[in-house]
Amino acid sequence: MIHKFAGFVEAFKYNIVRIKPMTRTKRILSLLTATILLASSVAILTTAKVSAFDPGGPPVGGAAPSTPTGNWEYVNYQPTGGSYSPQTQINPSNVQYLETKWIYPYTATPIVTTLGPAQVGSGAPVIVVDGTAYVLMNDRRILAIDAGTGKLIWNNTFGTAFDAVKENANYPWLQRVLAHGHAINYYRDKGWLISSSLGSCNLYAVDAKTGKTAWTLKTEQICGTNAEFGDPTKGIIGSLGVQGYMSALGTHPPQFLGNIMFFPVAGASGAGGRNFVTAFDMTDPANPKKLYKEFTSPPAQGDPDWAIKQCRAANGNGWYFEYPKFLESINYPARDREPTYLATKCTDVPDDVVKNDGMDQVPGSPTFGKIHTATNFGSAVWGNYPIDQETGIVALGWGDQGPYTNLTHRYGPAIHGSGLTAHDVRTGKIVWWFQSIPHDLWDYDCSWGGIIANVQGKKAFVKGCKDGIVHALDWNTGKPFWNYDPPTILRGGNNIKTYYGVGANNRPTDPEACCRMTKADMGKPWMTYPSKDPFVQNCYTVCLESDFAYDGKRIYVATFNNMNTHRVTNVIPFGNQGGAALGARGAFPGQTFTVDANVDAVDINTGKKVWSYKVQDVAFRGGVMTTGGIVIVYAADGNLKFLDAETGKLLHEKFFGIPVSVMPTIGADKNGKYKIFVHIGGGGGFLSGSGTLAGNLVAFGLPDVLPQPQVITKEVIKEVPKEVVKEVIKEVPKEVIKEVPKEVVKEVIKEVPKEVIKEVPKEVVKEVTVETISPISYAAIGIGVVLVVISGVLFSRKKKA
């Protein structure tokens, strides 16, 4: 098409020379016509072919990426997150033509492994690097598949062969490693693939080209020894103040600042452990050097001043989000006021409210004055923790505070569980923190992915937690710009008997509703205390269970209602407690149990909702991604939905009948042709609504030849949006408009000589119609044709004169 474009330009040069005798009006119209058509052709060329293998790199300042690379190198596209590809090859004008390009069937029978429990399929989004798709399987195989053909290139089984039983026997403070894996990333300057870790303390890399294991970091290198971590089976506390277990869940792949590899490690949910962040100098991966180990939770013996010290460590940049105060400020439930409350600074909270954070304050308890064995200050980090190469800061969200839902033996906000922290990658020291859910009674962890965005001209960390609320925080201080609380989430009231209170109104603003930064709320044993009756709870244990997307203008976030019954049970030495009420839903006659999901587009600068799309009768898990003006949602109703990013309108959907709660991704093959990669079936285990079959990887792409639209001038003109016409008219000099008689414009179509029409090259029209990508291109071409006609008529009249 390049040579045709060059010829097109030369033809316009020739025609411009020919019209020299024309009046100034006619020359300007002709030049304007040429400019519009030239711009349209350039736009078509740049969208039809991209530089598929330009490594690009994360944009600075929190901006969204703008250069198409053909790749999707991290679980959320790039190290700063966002799940957004700037490609435009697949877009709203052609998404309906997507077709199956190939199918790669996963192994029908789970691979024999000691990882537990056995899971099938894949729970991690596919990444794409230089024409190769990489897949992390739940049994911990890593597959390399040709993105163009669907053929297997190599298969790494290092993780599958990991002896979890032996590891657990050698290190009794480690929970048995689970098979489940959330993510895989590609590190371009290293050539490594690194997946979610094997439990808390085992990490390895794979050479992306050969499929061979490049290096490993083992338990004692990342975590430590039995002497340091103790033995919970015998009640032995380690020398590092660790009691209980380190998590069986894999931690999200690490982040790099040069050769510094940053990695968080967490205790087990409801089973003790002690959280920390660590880093290694990976200049020589065969001889990694540990740089630090900075704890983010207190020792088992307890530290009465833990929360106070954390406020000082962050130079006062610690924040508590008191949800009842936020709702009061917006006049809940009317929500008709701008919020006057965003968060409470840690220096404004009295010391006696946060003193003894995490400690058992029940006299006579075996752990009185210490930390209960089941208490943890945040479980595994399984979402992207974005890193900023300019400041060297990394920000992450920690898992739940245990043990939920009975906190009788745990006082305080439990910093930093169910909260966010930012660290200097070079030292591990905390820069700021944001306690999203102080005294978390509901398992509202913050472990899904966060992003670096540009909010109101400043760099920001945008992150949501499982309560469904999204926070936009200043990247350097943690101070909130805004908090987005989806109005579609049922919070209480209106006869919905949820956890917010036991008063008549049952609203989050009731005096009984938790949690304000008061001694009473920080010591509340459970959500409906003192009632011991079963109740209905929405968002148990989640209203937001997915990554969200960011395209520079908006974030796209999926939340849902999932009402169920609940009862609180007694605290046990290790493990969480609570479960469905006896008799389950039958115990609540007349109660409506709402289940639905909503995808919201939120303005990145204001935190205001732009549009919302409802998915009825299902929850949502996995992730939302956006590309080419489309928001792609794989809902639990078995439909892959394509929404218009500007309006939220459903453009197209594909029905598979099998819900898979894993985010789709997009990338190009070696020929620069983009494909959307989707798991169909499989997932297993933790994936809501997923099946138990291994499933398949399916690649969808555009046909080699798109259906050719019929070009009828009148129809094209009708399709030109009014606002586009207005914009083009603005560009025409006023004196030109004045010089064109109205009667000429009205009669111009009727007076077009046939020879003028014949002079329009057919191949130009053909190229324009076939290669058009954007609706704006249609508009520009349509207006260009009109101006050509006007120019032709004026020229014809001149000749007659």
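For clarity, every value in this text was computed on a predicted model and none was experimentally measured.

## Quick look at the overall build of the protein chain
Broken down by element type, the protein chain carries 16 helices and 42 strands. The 801 residues of the protein chain split such that 60% are buried. Pairs at least 24 apart in sequence give 64% of the contacts found in the protein chain among residues at least 6 apart. Here the protein chain has roughly 31,100 Å² of accessible surface; of this, 55% comes from carbon and sulfur atoms.

## Let's talk about the sheet that holds strand β6 (residues 152-156)
Strand order in the open sheet formed by four strands is β3-β4-β5-β6, and the pairing between neighbours is antiparallel. Both edges of this open sheet fall to β3 (127-129) and β6, since each of them pairs with a single strand only. Strand-to-strand twist in this sheet, taken as the mean axis angle between neighbours without regard to direction, amounts to 20°. When strand β4 (residues 132-136) meets strand β5 (residues 142-146), the two strands line up antiparallel, connected through five bridges. In the strand pairing of β5, Leu136 is matched with Ile142.

## Brief notes about unusual backbone geometry
Here the bond from Tyr332 into Pro333 is cis, since omega is 5°, no more than 30 degrees from zero. If you check the backbone angles, Asp443 has positive phi at about 65° while not being a glycine. Mapped onto the fold, Asp443 is located in the loop between β24 (430-435) and β25 (451-455). By relative accessible area, Asp443 is classed as buried at 4%. Backbone geometry places Gln456, a non-glycine residue, at a positive phi of 55°.

## Digging into the sheet that holds strand β18 (residues 344-345)
One open sheet holds the six strands; their spatial order is β18-β17-β24-β23-β21-β20, and the pairing between them is mixed. Among the strands making up the open sheet, the edge pair consists of β18 and β20 (387-388). Bridge analysis of strand β23 (residues 420-424) against β24 gives four bridges, and the strand direction is antiparallel. Paired with Ala422 across the bridge in β24 is Trp432.

## Some thoughts on the state of the cysteines
All chains considered together, the criterion is met by five disulfides. Here Cys446 engages in a disulfide with Cys465; their sulfurs sit 2.0 Å apart. Between Cys446 and Cys465 the disulfide shows an S-S torsion of about 100°. By sign, it is right-handed. With Cys446 in the loop between β24 and β25 and Cys465 in the loop between β26 (458-464) and β27 (470-474), this residue pair connects regions lying 19 residues apart in the sequence. Its relative accessible area of 0% is what places Cys446 among the buried residues. When the bonded cysteines of the protein chain are counted from the start of the sequence, the pairing works out to 1-2, 3-4, 5-6, 7-8, 9-10.

## Quick look at the confidence of the model for the protein chain
Confidence in the prediction of the protein chain, expressed as mean pLDDT, is 82, and 77% of residues score 70 or more. Every residue in residues 755-801 scores below 50 in pLDDT, and together they form 79 contacts with partners more than four places removed in sequence or on other chains.

## Some points on helix α6 (residues 306-313)
When α6 is considered as a whole, its buried residues turn out to be Trp306, Ala307, Ile308, Gln310 and Cys311. Check the buried side of α6 and you find it contacts β16 (289-295), β17 (318-320), α8 (351-354) and β24. Backbone geometry just after α6 places Asn315 at a positive phi near 55°.

## Focus on the packing of aromatic side chains
One pass over the full model with this rule turns up 26 aromatic pairs. Between Trp102 and Phe677 the ring centres are 6.1 Å apart and the planes differ by 50°, which places this aromatic pair in the tilted class. Taken together, the positions of Trp102 in strand β2 (residues 99-105) and Phe677 in strand β41 (residues 674-680) put the pair 575 residues apart, joining distant regions of the chain. Residue classification places Trp102 among the buried positions, given a relative accessible area of 6%. For Phe677, a relative accessible area of 1% puts it in the buried group. Aromatic pair Tyr323 and Phe326: ring centres 6.4 Å apart, planes at 20°, arrangement stacked. One end of the pair is Tyr323 and the other is Phe326, both in helix α7 (residues 323-329) and three residues apart, which spans about a single turn. The pair Tyr323 / Phe326 is uniform in exposure class, with both members buried. What links up through ring pairs into an aromatic cluster is the set Tyr74, Tyr187, Trp192, Trp215 and Phe256.

## Overview of the environment of Gly116
Here Gly116 is to be found in the loop between β2 and β3. On the basis of relative accessibility, which here comes to 10%, the residue Gly116 falls in the buried class. Sequence spacing of Gly116 and His180 is 64 residues, and the spatial spacing of their C-alpha atoms is 8.4 Å. Filtering out sequence-adjacent residues up to four positions away, Gly116 remains in contact with Arg176, Val177, Leu178 and Ala179.

## Overview of the pattern of salt bridges
It is possible for side chains bearing opposite charge to pair when their charged atoms get close. Counted by the stated rule, this structure contains 24 salt bridges. Residue Lys673 pairs with Asp704 through a salt bridge whose shortest N-O separation is 3.2 Å. Taken together, the residues span a long stretch of sequence, with Lys673 in the loop between β40 (665-668) and β41 and Asp704 in the loop between β42 (696-701) and α10 (713-719) at a distance of 31 residues. In the salt-bridge network here, residues are joined through shared partners; they are Glu73, Asp130 and Arg188.

## Here's the deal with the nonpolar core
Leu193, Phe677 and Leu697 are the most contacted members of the largest nonpolar core, which totals 59 residues. Here the element with the most residues in this core is β41; it accounts for five residues. Discounting chain neighbours no more than four positions away, the residues touching Leu697 are Trp102, Ile103, Tyr104, Tyr106, Val126, Val135, Ile145, Phe677, Val678 and His679. One finds Ile330, Phe434, Trp475 and Cys539 within the second-largest nonpolar core, a separate group that totals 50 residues.

## Concerning the pairing of β5
Judged by how many residues are buried, β5 sits mostly within the fold: four of five residues are covered. Linking two consecutive strands that pair antiparallel, namely β4 and β5, is a turn of five residues; a positive phi of about 80° is found at Arg140 within it. Pairing between β5 and β6: four bridges, direction antiparallel. Residue pairing across strands places Ile142 opposite Asn156, the latter belonging to β6. As consecutive antiparallel partners, β5 and β6 are separated by five residues, and within that stretch Gly150 has a phi angle of approximately 80°, a positive value.

## Describing the environment of Phe434
With respect to the secondary-structure elements, Phe434 resides in strand β24. As for Phe434 and Gly397, which are separated by 37 residues in sequence, their C-alpha atoms are 9.5 Å apart. Ignoring any residue separated from it by four or fewer positions in sequence, one finds Phe434 in contact with Trp319, Phe321, Ala343, Gly419, Leu420, His471, Leu473, Gly478, Pro480 and Asn483.

## Notes on the pairing of strand β37 (residues 630-634)
Of all five residues in β37, five are buried; the element is thus mostly enclosed. Neither face of β37 is left uncovered, since the one carrying Ile630, Ile632 and Tyr634 and the one carrying Val631 and Val633 both have all their residues buried. Bridge analysis of strand β36 (residues 622-627) against β37 gives four bridges, and the strand direction is antiparallel. Across the sheet, residue Thr627 finds its bridge partner in β37, namely Ile630. What sits between β36 and β37 in their antiparallel hairpin is a turn of two residues, with Gly628 showing a positive phi close to 55°. The hairpin turn running from β37 into strand β38 (residues 639-644), its antiparallel successor, is four residues long, and Gly638 in that turn takes a positive phi close to 85°.

Parameters and conventions
- Residues numbered from 1 in each chain as written.
- Predicted model: local features only at pLDDT ≥ 70, side-chain atom pairs only at ≥ 80, totals over all residues.
- Heavy atoms only, no water.
- Helix = DSSP H or I, 4+ residues; strand = E, 2+ residues; numbered from the N terminus.
- Buried < 20%, exposed > 50% of the residue type's maximum accessible area, 1.4 Å probe, protein only.
- Contact = heavy atoms within 4.5 Å.
- Areas by Shrake-Rupley, 256 points an atom, 1.4 Å probe, with all protein chains shown as cover.
- Pairing = 2+ DSSP bridges.
- Axes fitted to C-alpha atoms, helices over the stretch in contact; angles between N-to-C directions.
- Disulfide = S-S within 2.5 Å.
- pLDDT = per-residue confidence, 0-100.
- Phe/Tyr/Trp six-rings, centres within 6.5 Å; stacked < 30°, edge-to-face > 60°.
- Salt bridge = Lys/Arg side-chain N within 4 Å of Asp/Glu carboxyl O.
- Core = buried A, V, L, I, M, F, W, Y, C linked by side-chain atoms within 4.5 Å.

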